[in-house]
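# Chain and residue survey
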Amino acid sequence: MAAPRPRPLRRLELRQGLLSRNDAQAQHNRQQFQALGLRVVNLLSAPGSGKTSLLEQLAQRWPRPPIGVIVGDLATDRDAQRLQGAGARAVQIRTGERCHLDAAQVARAFSQLDAVGLDLLVIENVGNLVCPAAFDLGEQRRIAVLSVTEGEDKPLKYPALFSSADAVVLNKSDLADAVGFDRSAALSHLRAVAPQAVLFEVSARQGSGLAALLQWLDQPQAPWP
């Protein structure tokens, strides 16, 4: 008896975006935020760039306080406590070993936040220049924070994050001379990678440059979506 002929192999292609579930939740978040009249910003940077200090200043200077903040960190709730001390309504997300926030985490955190009377919500993402750039959280604007202590080449090394930003905040400008920061090179790299981004040079510690950033957040050059 002849051996049975093997059946031909069948190839089944499944094409579904790996981030499709996150994107669907992000769109739901966005619709909820818009229905509440909230301006929502996703704040991204490396660890130690001064995001929390910047947010403390924004919380104290926002013309219609308080602001809302959702904070992402691997562990502890220290940043949320700092921001609450500055007058913000803050909720902490502890991500454990995860290096970014996703839209579902933001939705759960937002359900714990008293949004009554808020018109600005900032999502302080986990300090990381890679993973957070890929995840839509439902924000309307993205701000990348780059401190002068990180060097001038970060936009070239991490283009995905900076190219997705609506604005770049160059922080710790008061330390530029002390660390030998090459401002011209940094601005050249930013123009090459993120020509669409509005640039703000600030010192969160001294409070310089914050008025322009507040004006952009309050009365941006283009209407908020």
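Values in this document were obtained by computation on a predicted structure and should not be read as measured data. Going along each chain's sequence as written, the residues are numbered from 1 onward. Reporting of local features is limited, given that this is a predicted model, to residues whose pLDDT is at least 70; pairs of side-chain atoms are given and counted only at 80 or more, and all residues count toward the totals for whole chains, interfaces and linings. Hydrogens are left out, water is left out, and the side-chain values use all remaining heavy atoms of the structure.

### Quick word on the pattern of salt bridges
Spelled out, the test is: Counted as salt bridges are all cases of a side-chain nitrogen of Lys or Arg within 4 Å of a carboxyl oxygen of Asp or Glu. Starting at the N terminus, helices and strands are each numbered in turn, a helix being any DSSP run of H or I of at least four residues and a strand any DSSP run of E of at least two.
In total, this model carries 12 salt bridges according to the counting rule given. A salt bridge links R64 to D119; the nearest nitrogen and oxygen atoms lie 2.5 Å apart. Of the two residues, R64 sits in the loop between α2 (51-61) and β2 (68-73) while D119 sits in the loop between α4 (103-110) and β4 (120-124), which places them 55 residues apart along the sequence. E201 is the partner of R183 in a salt bridge, and the nearest nitrogen-oxygen pair spans 2.7 Å. Of this pair, R183 sits in helix α7 (residues 183-193) while E201 sits in strand β7 (residues 198-201), and the two are 18 residues apart along the sequence.

### Some points on the sheet that holds β4
Picture the strands of a sheet paired through backbone hydrogen bonds; they go either parallel or antiparallel. Put simply, the test is: Strands are labelled as partners when DSSP assigns at least two bridges between them. To obtain an axis, a line is fitted to C-alpha atoms, over the contacting stretch when the element is a helix, and the angle between two such axes runs from 0 to 180 degrees between their N-to-C directions. Working rule for contacts: check all heavy atoms of both residues, and any pair within 4.5 Å makes them a contact.
Reading across from one edge, β3-β2-β4-β1-β5-β6-β7 is the order of the seven strands in this open sheet, with parallel pairing throughout. On the outer flanks of this sheet lie β3 (89-94) and β7, each paired with one strand and no other. When strand polarity is set aside, the average angle formed by the axes of neighbouring strands in this sheet is 20°. Both β2 and β4 contribute to a ladder of four bridges, which runs parallel. Across the sheet, the residue bridging to V69 is V122, located in β4. Lying on the sheet, α4 is in contact with β2, β3 and β4; it crosses β3 at an angle near 140°.

### Quick word on the packing of aromatic side chains
Filter applied, for reference: Pairing of aromatic rings covers Phe, Tyr and the six-membered ring of Trp, with a centre-to-centre limit of 6.5 Å; geometry is then stacked below 30 degrees between planes, edge-to-face above 60, and tilted otherwise. Only protein chains enter the area calculation, which uses a 1.4 Å probe; residues under 20% of their type maximum are buried, those over 50% are exposed, and those in between are partly exposed.
Enumeration over the complete set of coordinates arrives at two aromatic pairs. Aromatic side chains F33 and F110 sit 5.0 Å apart centroid to centroid with 85° between the ring planes, which places their arrangement in the edge-to-face category. Of this pair, F33 sits in helix α1 (residues 20-35) while F110 sits in helix α4; the two residues are 77 residues apart in sequence, bridging distant segments of the chain. F110 carries the same exposure label as F33, and that label is buried. Ring geometry for F200 against W216: centres 5.8 Å apart, planes inclined by 55°, an arrangement best described as tilted. Of the two residues, F200 sits in strand β7 while W216 sits in helix α8 (residues 210-218), which places them 16 residues apart along the sequence. W216 sits in the buried class, given a relative accessible area of 6%.

### Some words on the state of the cysteines
To be explicit about the condition: The rule for a disulfide is simple: a pair of cysteine sulfur atoms within 2.5 Å.
All chains considered together, the criterion is met by one disulfide. Across the disulfide, C99 is cross-linked to C131 (sulfur-sulfur distance 2.5 Å). Where C99 bonds to C131 through sulfur, the torsion about that S-S bond is close to -85°, and the disulfide is left-handed. Placement of the pair is C99 in the loop between β3 and α4 and C131 in the loop between β4 and β5 (141-147), with a sequence separation of 32 residues. For C99, a relative accessible area of 24% puts it in the partly exposed group.

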